[in-house]
Amino acid sequence: MLAAPGAAPGPSRFPPAVSHPNPTGWKHQPEEAAGSVQAGAARTRRTEAGPGRGKGRKKEPPRMASSPGNNTSLSREKTMLSESSQAKKSQYSEEETFYMNCRAAYLAVFKSSLENIKSKEQLCLVLQQAGRNPSQKMVNQYWTPQTTTLNFDDFCNILKKEKPATKTELLKAFLKVDTNNDGYILHTELYKILTMRGEKMTVEEVNAITKLADVNSNGKLDYNKFCKLYMTTNEQCRKTALEKLEVDNRLRRQQFGSQVETSSERVTSPISKPSSRTTRKTDHKPAPKRGDSRTSSRPSSAQSCKASISSTMCMGTSSSTNSELIEPNTIKDWQCAQSKGCFFLEEDGEIITHKYRLYLPQRSTVYITIKPLNLSQLEGKTSPWLSVDTALYVLKENEGQENLQLVSFTEAQNKEMFMWKGELGSGIYWLIPFTTGCKLKKIKKQITGEAKLVYRDGDGELALTKEFKAALSDIFEMIDLDGNGLLSLEEYNFFELRTSGEKCDEEAWAVCKENFDTKKNELTRQGFMDLNLMEANDREGDPSDLWVTLLSLGYNKALEMTEAFPFVIDIYAEKCKPRIKAVSLEAGSRQLNKAICKSVVNKGDAKVLDSGESIIVYTYKSDTRITSVIENKSENKVIIHVNNEQSKNCVNNRGLNIFAVEVAPKSMMVCQHVMPLKEQEEWIYNCVHSLVP
């Protein structure tokens, strides 16, 4: 970020005279020798991110960009299982294996996955069981002053973001401080590094490392042995947790995670009578007779289910869908407010987006639309995000932000644009963009060469390439939320939060205005270009930091935006001037998941899964997507097996045709979103929900 003298460290975008370097250092949480080994590596891994690139950063430096992504981490966790464990779990996907590892670590500390984490100490302990390295900084990131509890799903999301360090990463970090390059670090030097830089350790904490007999001798640390001991201890923790999970039959039944995507966050459900729509009887499937040659393709857990229901829907093509909702004839006379935004895809598959506050001074009929933002594209190429689905949920604020009530969502569609028209009373509303995650996914694309970002001209001066300028122009267009052709401090801070995890304060912004072209106290497009050119000059032409920025904004090494989806929201009001403001950039919130569940319950069909009418599956369909929600009205948690194998031309947000979900008592959750894989062809949704005994 922009850093004024004495400001918090961040990615420098100013000349060296006003930069503040971020010192490297390590931090650990001493428990015992093994705990010290684990936690001692936590800070070394973050050190490799470089100055100012660690705090709050969602994307890793370029070295991570070329890695295979989350599957590499998951594969690494799989190799840590015992051979017997691997044989038993070979039928599961890597994603299911990841959740099995999460559950094993969680149940090594708690009696049930429904038990919550209630303190920082518990969070630290369960993270260590999962082979992570919880420094105080990491713990504080997830346990803020407002946090009272974290559940199993929160824990899984943390593990997706906090990857376990590899031996190679640890060795690289140690090599940075091994001035003699002999594989040893003097204890005196180690004390200086660990007690004077970064998150400073105490002398007692450093002693816990230097007293490890197996890795220290003659006043020196053998960091190769240290890294080996760390990896061995790390593996043993996970292996022990998995063995405990397998031995206990009661725990083994819980081997499927309760959710795969953030959108399936649990929503507490009030105790109520079954809906009048839940009149369809449970479909009890008879067991096959002896000698019957038919075999089920589902895992054994599904074959023993005591109740199941099947839903089949034949859908037409959706490539040219048009809704009956017509734009008002007099809309040119209505007052309008507009804001841009973007969906960003994280390494772990989580989707980050802007969240908006809408104010209406008086009651009025409104017309709301959300559609892809049309950015410049090379001739002959279409924007990859045009096929990504979107919706905008409208929630009314009642006595504070925590009490939001669903009003409606943009259900009608005209090509890529989704719309809603209705009457809203005066007051404050929250607009939450949503995409299912069916189409916005990681793309494994082979890129032959890395695009060039800078070059030296005839005078030897650094300059931006034509391709990089075009990408920066598109980025400027995307982060200019109000579309006035300038970047305000608020707009620029959304960019900084995304690319560095930090904000720019007023003092640093004043320095920016002194160094770069501004207009009306806002940064111009040329000023934004010069800011990036200055960053390239600060690194003497090294494009590493520029790539960190590009990758965090959804670009690949070919300068194609493949992991982001920019959009624009328009609010038309007939009788007043609407005001819209972006207020945050965050993952799917509890309010959004609650709104999705309520919309599906209100508009979808319902089927009862059990004889007691306590487990209900709601299925909502539009022309472009199908969403199912499971409600558990009973006093006990339930596990529902889901099988989509008979669906045709379909893709879901989980990426799995067969999976299982765990639904807490007295709650409801999103089970899955399904869309056509090829929009030009018909698609068939055939899903079997089965109750696991």
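Whatever comes next refers back to the structure up there.
In this text the structure is predicted, and so the values were computed from the model without any measurement.

Parameters and conventions
Residues numbered from 1 in each chain as written. Predicted model: local features only at pLDDT ≥ 70, side-chain atom pairs only at ≥ 80, totals over all residues. Heavy atoms only, no water. Helix = DSSP H or I, 4+ residues; strand = E, 2+ residues; numbered from the N terminus. Contact = heavy atoms within 4.5 Å. Areas by Shrake-Rupley, 256 points an atom, 1.4 Å probe, with all protein chains shown as cover. Buried < 20%, exposed > 50% of the residue type's maximum accessible area, 1.4 Å probe, protein only. Pairing = 2+ DSSP bridges. Polar contact = N/O pair within 3.5 Å; in protein donor to acceptor, adjacent residues only side chain to side chain. Axes fitted to C-alpha atoms, helices over the stretch in contact; angles between N-to-C directions. Core = buried A, V, L, I, M, F, W, Y, C linked by side-chain atoms within 4.5 Å. Phe/Tyr/Trp six-rings, centres within 6.5 Å; stacked < 30°, edge-to-face > 60°. Salt bridge = Lys/Arg side-chain N within 4 Å of Asp/Glu carboxyl O. Parallel < 35°, antiparallel > 145°, perpendicular 65-115°, else oblique. Left-handed = near helix turned anticlockwise from the far one by under 90°. Nonpolar A, V, L, I, M, F, W, Y, C, P; charged D, E, K, R; others polar.

Help me understand the overall build of the protein, please; the structure alone is not making it clear to me.
Within the protein, the secondary structure is distributed over 20 helices and 27 strands. Partitioning the intrachain contacts of the protein with sequence separation of at least 6 by distance along the chain shows that 74% fall at a separation of at least 24. When the accessible area of the protein is evaluated, it comes to approximately 30800 Å², of which 48% is carbon and sulfur surface.

I'm lost on the pairing of strand E18 (residues 564-573) in this one. Help?
On any regular strand, side chains alternate: one points to one face of the sheet, the next to the other face. Extensive coverage of E18 is indicated by the burial of nine of its ten residues. Across ten bridges, strand E6 (residues 335-345) lies against E18 in antiparallel orientation. Each residue of the ladder has a partner; that of Cys 336, found in E18, is Tyr 572. Sheet topology places strand E8 (residues 364-372) next to E18; seven bridges connect them, and they run antiparallel. Residue pairing across strands places Tyr 367 opposite Tyr 572, the latter belonging to E18.

In this structure, what is going on with helix H8 (residues 152-161)? I would like to understand it.
In an α-helix, one full turn covers 3.6 residues, which means residues spaced three or four apart are oriented alike. Most of H8 sits inside the fold, with eight of its ten residues counted as buried. All buried positions along H8 are accounted for by Phe 152, Asp 153, Phe 155, Cys 156, Asn 157, Ile 158, Leu 159 and Lys 160. Where H8 begins, one side-chain oxygen reaches toward the backbone nitrogen of Asp 153, 3.1 Å away; that side chain belongs to Asn 151.

What exactly am I supposed to notice about the sheet that holds strand E27 (residues 683-692) here?
Each strand in a sheet pairs with its neighbour through backbone hydrogen bonds, running either in the same direction (parallel) or in the opposite one (antiparallel). Judged by pairing direction, the sheet is antiparallel, and its four strands sit side by side in the order E5-E27-E23-E25 without closing on themselves. Each end of this open sheet is capped by a strand with a single partner; those strands are strand E5 (307-315) and strand E25 (658-663). Across the sheet, the axes of successive neighbouring strands diverge by a mean angle of 20°, strand direction being ignored. For strand E23 (residues 638-643) and E25, the ladder comprises six bridges, and the chain directions are antiparallel. Across the sheet, Ile 639 pairs through a bridge with Glu 662, a residue of E25.

In this structure, what is going on with the nonpolar core? I would like to understand it.
The tendency in soluble globular proteins is for nonpolar side chains to be buried side by side. In terms of nonpolar packing, the biggest core is built from 41 residues, with Leu 453, Ile 475, Leu 523, Phe 528, Leu 550, Tyr 555 and Leu 559 touching the most fellow members. Among the secondary structure elements, those contributing two or more residues to this core are E6, strand E15 (462-464), helix H15 (466-479), helix H16 (489-499), helix H17 (506-515), helix H18 (525-538), helix H19 (544-552) and E18. Counting residues per element, this core draws most heavily on H15, which supplies seven residues.

What should I look at first to understand the environment of Leu 170 in this one?
Its place among the elements puts Leu 170 in helix H9 (residues 167-177). We classify Leu 170 as buried; its relative accessible area is 0%.

How do you make sense of the sheet that holds strand E1 (residues 184-186) when you look at a structure like this?
Taken in spatial order, the three strands make up an open sheet running E1-E3-E2, and their pairing is antiparallel. Strands with a single pairing partner mark the edges of an open sheet, and in this sheet they are E1 and strand E2 (216-217). Relative to strand E3 (residues 220-222), E2 runs antiparallel, the two being bridged by two bridges. By the bridge assignment for E3, Ser 217 is matched with Lys 220.

Help me understand the environment of Lys 220, please; the structure alone is not making it clear to me.
Inspection of the secondary structure assignment puts Lys 220 in strand E3. Residue classification places Lys 220 among the partly exposed residues on the basis of a relative accessible area of 26%. On a C-alpha basis, the gap between Lys 220 and Ile 185 in space is 5.4 Å, while along the polypeptide they are 35 residues apart. Leaving out residues up to four positions away in the same chain, Lys 220 has contacts with Tyr 184, Ile 185, Leu 186, His 187 and Val 215.

Help me understand the packing of aromatic side chains, please; the structure alone is not making it clear to me.
Between two aromatic rings, the relevant description is the distance of the centres plus the angle of the planes. Counted according to the given criterion, the structure contains 18 aromatic pairs. Judged by centre distance (5.7 Å) and plane angle (75°), the rings of Phe 174 and Phe 226 are edge-to-face. Taken as a pair, Phe 174 in helix H9 and Phe 226 in helix H12 (residues 223-247) lie far apart in primary sequence, 52 residues in all. For Phe 226, a relative accessible area of 2% corresponds to the buried category. Summarising the aromatic geometry, the rings of Phe 476 and Phe 528 are spaced 5.9 Å apart at their centres and angled 50° between planes, so their arrangement reads as tilted. Here the residue Phe 476 occupies a position in helix H15, and Phe 528 occupies one in helix H18, the gap between them amounting to 52 residues.

For this particular structure, what's the right way to read the pattern of salt bridges?
Opposite charge on two side chains lets them pair, provided their charged atoms get close. What the rule picks out here adds up to 15 salt bridges. One salt bridge in this structure joins Glu 662 and Arg 103, with 3.8 Å as the shortest N-O distance. Within this pair, whereas Glu 662 is found in strand E25, its partner Arg 103 is found in helix H5 (residues 94-107), the two being separated by 559 residues in sequence. For the pair shown, Glu 662 and Arg 103 are each scored as buried. Across the pair Lys 442 and Glu 347 runs a salt bridge, and its minimum N-O distance is 3.6 Å. Of this pair, Lys 442 sits in the loop between strand E13 (427-434) and strand E14 (454-456) while Glu 347 sits in the loop between E6 and strand E7 (351-360), placing them 95 residues apart in sequence. Taking the relative accessible area as the measure of exposure, Lys 442 reaches 34% and is therefore partly exposed. Residue classification places Glu 347 among the partly exposed positions, given a relative accessible area of 27%.

I'm lost on unusual backbone geometry in this one. Help?
The phi angle of most residues is negative, glycine excepted, and most peptide bonds adopt the trans form. For Asn 181, which is not a glycine, the phi torsion comes out positive at approximately 55°. Relative to the assigned elements, Asn 181 resides in the loop between H9 and E1. Overall, the relative accessible area of 59% leaves Asn 181 in the exposed class.

Please explain the packing of helix H10 (residues 187-196) against helix H11 (residues 203-210) as it appears in this structure.
When two helices pack together, their arrangement is given by the angle between the helix axes and by the axis-to-axis distance. Contact pair H10 / H11: the axes reach a minimum separation of 10 Å and the direction vectors enclose 135°. Comparing the axis directions of H10 and H11 gives the class oblique. The crossing of H10 and H11 is right-handed. For the pair H10 and H11, contact is made by His 187, Leu 190, Tyr 191, Leu 194 and Thr 195 and by Val 203, Val 206, Asn 207, Ile 209 and Thr 210, respectively. Of the residues in the contact of H10 with H11, the class split is six nonpolar, four polar and no charged.

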